Amino acid sequence: MTIHNVDFQRQAELEIEMAGLGAARFRSRATKDMQQDRGSGTQPGSFLVGRAVDPLATAIQAFINDVYGGRPGPRAVAARLIKEMDLDVIAYLSSRAILNGLMWKGKSSLLGLAKVVAQSIEAEARFDHFSKAAPGLYAKIDGKLTKDGSTERHKQVVLTYAMGKFDIPWDVWSQDHKLHLGIKMVELFCEATGLAAMELEQVTFSGKYKAQHFVYLTEATTEWIEQSLSRGEERTADFMPTVVPPKDWTSLVGGGYYTNATRPLELVRKCHPEQRKLLQRAHLGAVYSGLNAMQRTAWRINPGILRVMEAIVVAKSDIGGLIPGRDLDLPDRPDDIDTNPDALREWKWKARDVHTANIQLRRDRLQQAQLLSLADRFRDEPAIYFPHTLDFRGRAYPVPQILHPQGSDNVKALLMFAEGKPLGADGERWLAIHGANTYGVDKVSFDKRLAWVKENQHHIWASAMDPIGYLWWTEADKPWCFLAFCFEWQDYCLNPEAFVSHIPIALDGSCNGLQHFSAMLRDPVGGAAVNLLPAENPQDIYQVVADEVIAALRSIRPSDGMIPEELEEEDGKKKKKGPTRAQIERWSHEWSHFGIDRKITKRPVMVLPYGGTPRSCVKYVEAEVLSRIDKGQSHNLGDELKPAIGFLSGVVWQSIGDVVIAAKDAMGWLQKAARTVAKENLPIHWTTPSGFVAFQAYTDMKVRQIETKIGGTIVKPAVFEATDKINRSKQATSISPNFVHSLDAASMILTVDQLAAEGVSSFAMIHDSYGTHACDTSALAARLREVFIRMYETDPLTSFRDELVATTGLDPDEDLEPLPKKGSLNLWAIQDSDFFFA
């Protein structure tokens, strides 16, 4: 494709702007600086540092005086390190490091922040020592570095090297001492400036280190920073769509964007060095071809959707799930708040919740404003494009992070294909099916979906003509994509002969992870539940599992022994206590009447192929049960609710296994294989059907305790340090989701590659959701089935095992269990399954 000089010049200017060059691009620079922990260098950050230095220096002096005026203790470590230093400098370095760590994320772990603060202070002490020990040498090196415009980090590297080269000694501060110092500086910063606060948060539900301290910017600080940034904000972003087709990928570096204004993209984000070596030897022709076809898809802004969104935002409304323009009101203060401590406490809790919700609202509102600003910026472009890269499993993602085709419902609705195509022979049918799907009518046959569209023609037209006044469209599962359909459907009905379609028609997999596992082991039971086999109506695996749960609950008798009686003491030790048979009977009866539906089972089933466990099953079942209770559904479980939920979760987990036996067998084999390889301290890599080499290497973290004081209390926070040892548990729990994700990535890339070779030029691809023009949807439906079938005819699980053996030296008979047995599923039946992707 030829790119004209004028268009290329516009793209080059856009890339310069993306990099944050130019004084007019204030917001872009500020955002980038904050993201890269340089927030103290922004206009608001610099102001806050200046405001913090005096009170913090005063607090540090008081702290040192207190330590040396009393009994020595753990705090003396921090005081000893800095008592001879310039306290204004310490206050400046501490304030700068803390704000760098908090201005973008809003919060940080206390330990992480303390490390950065202490490292900054030690560097100052080290180079102060250098300047006094060899003043002439220091002045010469520092002067040259300053003249060359070296960064602070580069200066530190050069000065440290010079100290070693010229034998200028420095006693390196120990990690423990630095943590004492860093934690104390953070604590004093919070107390003296009021810009931040510390809280103890529970991060896990069990284990020795289940609670950790975190540091937050206060609400007032966050609000002031946002106001300051808004005053200088310009409409821009770090990475934006291109106005010419992105640069093709032909190697592991340099695709997407054209100029050196931005750092060259890598094909694989955060690529491990070992994976990079493997990819350099791999045959990536299909990967490059498929990815290039995706990023060459020409898009444009959907003007009708943008107009509606802008009108709603101006009205500060939340129509269609947009972020309202007003904060939530604080709760009314009780009349007796000054005399009733309980009323005061309750009001404070409610007020805190509102404050927290409003902080999130402001962040969401800012992101929404950025989205609409970008859409407005590109609204008149005839075509925009989205460069793509891959993750370590081969999954494709657009590089721009605000406006892109893989966004949420409202983001996707803002985009339409730049190229319009007539509906052709069956495009009208696919367009109507897409409309029903986006509304939520997707659990019925195609004929019923078509009938639903005809039955609701009046509502569809009324929504298209007056979307602000006629809000029926907001009841859809995906309201904005449905509204985009309403606009298209009305245009088509008004002038069928001249109509050309622009919106992507999406075909979604049916619990795609389980589709892959069921095909992998030719499982007819699981395959039928996830629509690998033809059926008159789409199969809903979540409801299938719910039906299994209902049957199991109704069949439970006290003698069934699903959960044992309370166990007796043995050898003086009390065994684990389980529910009694009477409780089992009672709970089974109560849950049957409570009602078990697909919402109870959806999340546990959905996450199963991606590492779901009995524990995660409990969490998701509990969340749905409590949600229904909060909405007013009654129950008779009383104080037994929590253990009864645990019992129900066990029944759900068992029922999932009864429906998708093969998937659990494949997951079990993968996990055992990963553990075996991890014992040899080796990573795992495998070649997917597209030729991409996926790579997995999770390492152990070393944990030790540092005793220090926070708020006058001795605490022992855990310090985590990376090691070179492969983490067996993480390797095992991650292999199943990573393996299946690598396969769905290969399936998508190969499908796009084949369709592009046949002349299809527009793709809207999101892992297990494939989209193209309505007139090309039949071709898409056929090709994705053919690719999927061919993939599993080659037996990826056996290929994985063979590659594992070849690269690790394991004995397949001695070290690995036999592969799970395959069932009788006929893969070619997938071609006739209407609802495989629908």
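Residues numbered from 1 in each chain as written. Predicted model: local features only at pLDDT ≥ 70, side-chain atom pairs only at ≥ 80, totals over all residues. Heavy atoms only, no water.

Trainee: Outline the overall build of the protein chain, supporting the account with residue identities and numerical values.
Mentor: When you go through the protein chain residue by residue, the secondary structure sums to 30 helices and 18 strands. Relative to the globule expectation of 28 Å for 838 residues, the C-alpha radius of gyration of the protein chain, 30 Å, shows essentially globular dimensions. Across the 838 residues of the protein chain, 50% fall into the buried class. Residue pairs in contact within the protein chain that sit at least 24 positions apart in sequence constitute 73% of those at least 6 positions apart. (Helix = DSSP H or I, 4+ residues; strand = E, 2+ residues; numbered from the N terminus. Rg over C-alpha atoms; globule rule 2.2 N^0.38 Å. Buried < 20%, exposed > 50% of the residue type's maximum accessible area, 1.4 Å probe, protein only. Contact = heavy atoms within 4.5 Å.)

Trainee: Tell me what's going on with the pairing of strand 11 (residues 684-687), and back it up with residues and numbers.
Mentor: Inspection of the sheet shows strand 11 paired to strand 12 (residues 693-696) by four bridges, in the antiparallel sense. Residue pairing in the sheet places His685 in a bridge with Phe695 of strand 12. Adjacent in sequence and paired antiparallel, strand 11 and strand 12 are bridged by five residues, among which Gly691 carries a positive phi angle near 100°. (Pairing = 2+ DSSP bridges.)

Trainee: Please give an account of the nonpolar core that cites residues and values.
Mentor: Inside soluble globular proteins, nonpolar side chains tend to come together where they are buried. Counting residues in hydrophobic clusters, the biggest one holds 166 residues, and the most contacted among them are Trp480, Phe482, Ile541 and Trp591. Discounting residues that sit within four places of it in the chain, Ile541 has contacts with Cys511, Leu514, Ala529, Val530, Val605, Val659 and Val660. If you look at the next biggest cluster of nonpolar residues, it comprises 49 residues, including Ala57, Ile60, Ala76 and Val117. (Core = buried A, V, L, I, M, F, W, Y, C linked by side-chain atoms within 4.5 Å.)

Trainee: Lay out the sheet that holds strand 3 (residues 211-217) with the relevant residues and their values.
Mentor: Ordered by their spatial adjacency, three strands build an open sheet running 1-3-2, and the pairing between neighbours is antiparallel. With one partner strand each, in any of the chains shown, strand 1 (107-109) and strand 2 (196-202) form the two edges of the open sheet. Adjacent strand axes in the sheet meet at a mean angle of 30° when their direction is disregarded. In the sheet, strand 1 pairs with strand 3 via three bridges, with the strands oriented antiparallel. By the bridge assignment for strand 3, Ser109 is matched with Phe214. Packed onto the sheet, helix 9 (residues 175-193) meets strand 2 and strand 3 and runs at close to 120° relative to strand 2. (Axes fitted to C-alpha atoms, helices over the stretch in contact; angles between N-to-C directions.)

Trainee: Give me the lowdown on the sheet that holds strand 18 (residues 769-772), citing residues and values where you can.
Mentor: Ordered in space as 8-18-17, the three strands form an open sheet in which the pairing is antiparallel. A single partner strand is all that each edge strand has here, and the edge strands are strand 8 (505-508) and strand 17 (764-765).

Trainee: Any chance you could break down unusual backbone geometry for me, citing the residues and the numbers?
Mentor: Backbone geometry follows two general trends: most residues other than glycine have a negative phi, and most peptide bonds adopt the trans configuration. A positive phi angle is found at Asp167, which is not glycine, with a value near 55°. Inspection of the secondary structure puts Asp167 in the loop between helix 8 (152-165) and helix 9. The phi dihedral of Arg522 falls on the positive side, at around 50°, and the residue is not glycine. With respect to the helices and strands, Arg522 occurs in the loop between helix 20 (512-520) and helix 21 (524-529).

Trainee: Could you give me a rundown of the pairing of strand 8, with the residues and numbers involved?
Mentor: Burial of strand 8 is one-sided: the residues Ile505 and Leu507 facing one way are buried, the residues Ala506 and Asp508 facing the other way are not. For strand 8 and strand 18, the ladder comprises four bridges, and the chain directions are antiparallel. Bridging across to strand 18, Leu507 finds its partner in Tyr770.

Trainee: Mind laying out the packing of helix 23 (residues 581-594) against helix 26 (residues 641-659), listing which residues take part and the relevant values?
Mentor: Each pair of packed helices can be described by the angle between their axes along with the distance between the axes. Following both chains from N to C, one finds helix 23 and helix 26 inclined at 80°, their axes separated by 10 Å at the closest point. The pairing of helix 23 with helix 26 is recorded here as roughly perpendicular in orientation. Residues Ile584, Trp587, Ser588 and Trp591 of helix 23 touch helix 26, and the partners they reach there are Leu641, Pro643, Ala644, Ile645, Phe647 and Leu648. Partitioning the contact of helix 23 with helix 26 into residue classes produces nine nonpolar, one polar and no charged. (Parallel < 35°, antiparallel > 145°, perpendicular 65-115°, else oblique. Nonpolar A, V, L, I, M, F, W, Y, C, P; charged D, E, K, R; others polar.)

Trainee: A description of the environment of Gln654 should follow, citing residues and the corresponding values.
Mentor: Mapping Gln654 onto the fold places it in helix 26. Separated by 176 residues in the primary sequence, Gln654 and Lys478 place their C-alpha atoms 33 Å from one another.

Trainee: Describe helix 27 (residues 661-679), with residues and values.
Mentor: Its 19 residues place the ends of helix 27 27 Å apart at the C-alpha level, agreeing with the 27 Å of an ideal helix rising 1.5 Å per residue. Of all the positions in helix 27, only Ala662, Ala663, Ala666, Met667, Trp669, Leu670, Ala673, Ala674, Thr676, Val677 and Ala678 are classed as buried. (Expected span 1.5 Å × (residues − 1).)

Trainee: How would you explain the pattern of salt bridges if you had to name every residue and give the values?
Mentor: Side-chain pairs of opposite charge can arise whenever the charged atoms involved come near each other. All chains considered together, the criterion is met by 31 salt bridges. Here Asp128 makes a salt bridge to Lys132, at a shortest N to O gap of 3.1 Å. Residue Asp128 and its partner Lys132 are located together in helix 6 (residues 110-133), separated by four residues, close to a single helical turn. With a relative accessible area of 32%, Asp128 lands in the partly exposed category. Note on Lys132: relative accessible area 62%, which makes it exposed. In this structure, the salt-bridge partner of Arg393 is Asp391, at a minimum N-O distance of 2.7 Å. The same class applies to Arg393 and to Asp391, which are both buried. Through salt bridges with shared partners, a single ionic network connects Glu219, Glu223, Asp327, Arg362 and Arg365. (Salt bridge = Lys/Arg side-chain N within 4 Å of Asp/Glu carboxyl O.)

Trainee: Any details on a negative patch on the surface? Residues and values, ideally.
Mentor: A cluster of acidic residues, Glu680, Asp811, Asp813, Glu814 and Asp815, forms a negative patch on the protein surface. Summarising the element assignment, Asp811 is placed in the segment after helix 30 (796-808). Relative accessible area serves as the criterion here: at 32%, Asp811 is assigned to the partly exposed category. (Patch = residues over 30% accessible without salt bridge, like charges linked within 9 Å, V, L, I, M, F, W, Y side chains within 5 Å. Areas by Shrake-Rupley, 256 points an atom, 1.4 Å probe, with all protein chains shown as cover. Lys, Arg positive; Asp, Glu negative; His and termini not counted. Charge placed at Lys NZ, Arg CZ, Asp CG, Glu CD.)

Trainee: Explain the state of the cysteines to me, and be specific about the residues and the numbers.
Mentor: Overall, the coordinates contain zero disulfides when judged by the stated rule. Cys511 carries a free sulfur, and the closest cysteine sulfur to it, the one in Cys617, is 14 Å from it. (Disulfide = S-S within 2.5 Å.)

Trainee: Tell me about the confidence of the model for the protein chain, and name the residues and values.
Mentor: The predicted coordinates ought not to be read in detail in places where the model reports low pLDDT. Summing up the model confidence of the protein chain, the mean pLDDT is 88 and the portion of residues at 70 or higher is 90%. Taken as a whole, residues 559-574 scores under 50 in pLDDT and shows 20 contacts with residues more than four places along the chain or in a different chain. A low-confidence stretch, residues 706-717 stays under pLDDT 50, and its non-local contacts, those more than four residues away or across chains, total 36 contacts. (pLDDT = per-residue confidence, 0-100.)

Trainee: Describe the packing of helix 6 against helix 9, with residues and values.
Mentor: Following both chains from N to C, one finds helix 6 and helix 9 inclined at 105°, their axes separated by 7 Å at the closest point. What the angle tells us is that helix 6 and helix 9 run roughly perpendicular. Of the residues in helix 9, those touching helix 6 at Leu110, Leu111, Leu113, Ala114, Lys115, Val117, Ala118, Gln119, Ile121 and Glu122 are Lys178, Leu179, Leu181, Gly182, Ile183, Met185 and Val186. Looking at the contact of helix 6 with helix 9 residue by residue, the classes come out as 12 nonpolar, two polar and three charged.

Trainee: Kindly report on the environment of Phe127, identifying the contributing residues and their values.
Mentor: Positionally, Phe127 belongs in helix 6. Sequence separation between Phe127 and Trp170 is 43 residues, and the spatial gap between their C-alpha atoms is 9.5 Å.

Trainee: Tell me about helix 16 (residues 427-439), and please be specific about residues and values.
Mentor: Under the 1.5 Å per step criterion, the end-to-end length of helix 16 is 18 Å for 13 residues, consistent within 8% with the ideal 18 Å. For helix 16, every residue scored as buried is listed here: Gly427, Trp430, Leu431, Ala432, Ile433, His434, Gly435, Ala436, Asn437, Thr438 and Tyr439. Where the residues of helix 16 are buried, they touch helix 17 (446-455), helix 19 (479-494), strand 8 and helix 29 (777-793). Trailing helix 16 by a residue or two, Gly440 shows a phi angle of about 120°, which is positive.

Trainee: Could you give an account of the environment of Gln539, naming the residues involved and the relevant values?
Mentor: Inspection of the secondary structure assignment puts Gln539 in the loop between helix 21 and helix 22 (541-555). A relative accessible area of 33% means that Gln539 is categorised as partly exposed. Placed 96 residues apart in sequence, Gln539 and Lys443 show a C-alpha to C-alpha distance of 7.7 Å. Not counting the four nearest positions on each side in its chain, Gln539 is found in contact with Ser510, Ala528, Ala529 and Asn531. A distance of 3.2 Å separates a polar side-chain atom of Gln539 from the backbone oxygen of Asn537. (Polar contact = N/O pair within 3.5 Å; in protein donor to acceptor, adjacent residues only side chain to side chain.)

Trainee: Account for a positive patch on the surface, naming residues and giving values.
Mentor: On the surface, Arg675, Lys679, Lys725 and Arg728 cluster together to form a positively charged patch. With respect to the element layout, Arg675 can be found in helix 27. Overall, Arg675 belongs to the partly exposed group, its relative accessible area being 38%.

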